[in-house]
Amino acid sequence: MVNKTRVFIAGAPYVIATSDPEEYVEKLAEELDESIHEAMAANPSVSVTKAAVFCALDYLDRCKKSAGNADNMRSQITEYLADAAKAKMEADEARREVERLKKELEALKEQSASR
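Residues numbered from 1 in each chain as written. Predicted model: local features only at pLDDT ≥ 70, side-chain atom pairs only at ≥ 80, totals over all residues. Heavy atoms only, no water.

Caption draft 1: Structural detail: a nonpolar patch on the surface. A surface patch of nonpolar side chains, amounting to about 390 Å² of accessible area, comprises Val-53, Phe-54, Leu-57 and Leu-60. Relative to the elements of secondary structure, Leu-57 occurs in helix α2 (residues 48-113). The class for Leu-57 is exposed, based on a relative accessible area of 53%. (Patch = residues over 30% accessible without salt bridge, like charges linked within 9 Å, V, L, I, M, F, W, Y side chains within 5 Å. Areas by Shrake-Rupley, 256 points an atom, 1.4 Å probe, with all protein chains shown as cover. Salt bridge = Lys/Arg side-chain N within 4 Å of Asp/Glu carboxyl O. Helix = DSSP H or I, 4+ residues; strand = E, 2+ residues; numbered from the N terminus. Buried < 20%, exposed > 50% of the residue type's maximum accessible area, 1.4 Å probe, protein only.)

Caption draft 2: Representation of the environment of Pro-21 within the structure. Note that Pro-21 resides in the loop between β2 (12-18) and α1 (22-42). C-alpha separation for the pair Pro-21 and Thr-5, spaced 16 residues apart in sequence, amounts to 8.9 Å.

Caption draft 3: Seen up close, the packing of α1 against α2. Look at α1 against α2: their axes get within 9 Å of each other, and the N-to-C directions meet at 115°. The chirality of how α1 crosses α2 is right-handed. In this structure, α1 uses Glu-31, Leu-32, Ser-35, Ile-36, Ala-39 and Met-40 to contact α2, whose residues at the interface are Val-48, Ala-51, Ala-52, Cys-55 and Tyr-59. Residues of the contact of α1 with α2, tallied by class, amount to nine nonpolar, one polar and one charged. (Axes fitted to C-alpha atoms, helices over the stretch in contact; angles between N-to-C directions. Left-handed = near helix turned anticlockwise from the far one by under 90°. Contact = heavy atoms within 4.5 Å. Nonpolar A, V, L, I, M, F, W, Y, C, P; charged D, E, K, R; others polar.)

Caption draft 4: Quick peek at the nonpolar core. Counting residues in each nonpolar core, the largest one holds eight residues, listed as Val-7, Ile-9, Val-25, Ala-29, Ile-36, Val-46, Ala-51 and Cys-55. Of all the secondary structure elements, the ones that give two or more residues to this core are β1 (3-9), α1 and α2. At three residues, α1 tops the list of elements feeding residues into this core. Residues within four places of Val-7 in sequence aside, it is in contact with Ala-12, Pro-13, Tyr-14, Ile-16, Val-25, Glu-26 and Ala-29. (Core = buried A, V, L, I, M, F, W, Y, C linked by side-chain atoms within 4.5 Å.)

Below, the structure written as structure tokens:
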């Protein structure tokens, strides 16, 4: 379902058609509007267009870094899962060895008792 949301960014009206909830789109627009106003306040000679470009570059930078961080986390999780699987296999092997040794000990006890 497509929602049409009317927002104002840097004083200009926009109608955004999206499947995202209206509140989400409004929050994004508010954040962008605030970022553009901050960029313009920091340098009064910056136009709305330049401020929007600076904001877009900042958002893209954060997006790329977040994606890289997510990839790094996925890689670490994959390594942790592999380590956990290896540890489980080693623990299972150790349990089997303990059981084998218990049986061997019992056999030796029986053998010793029968002498």
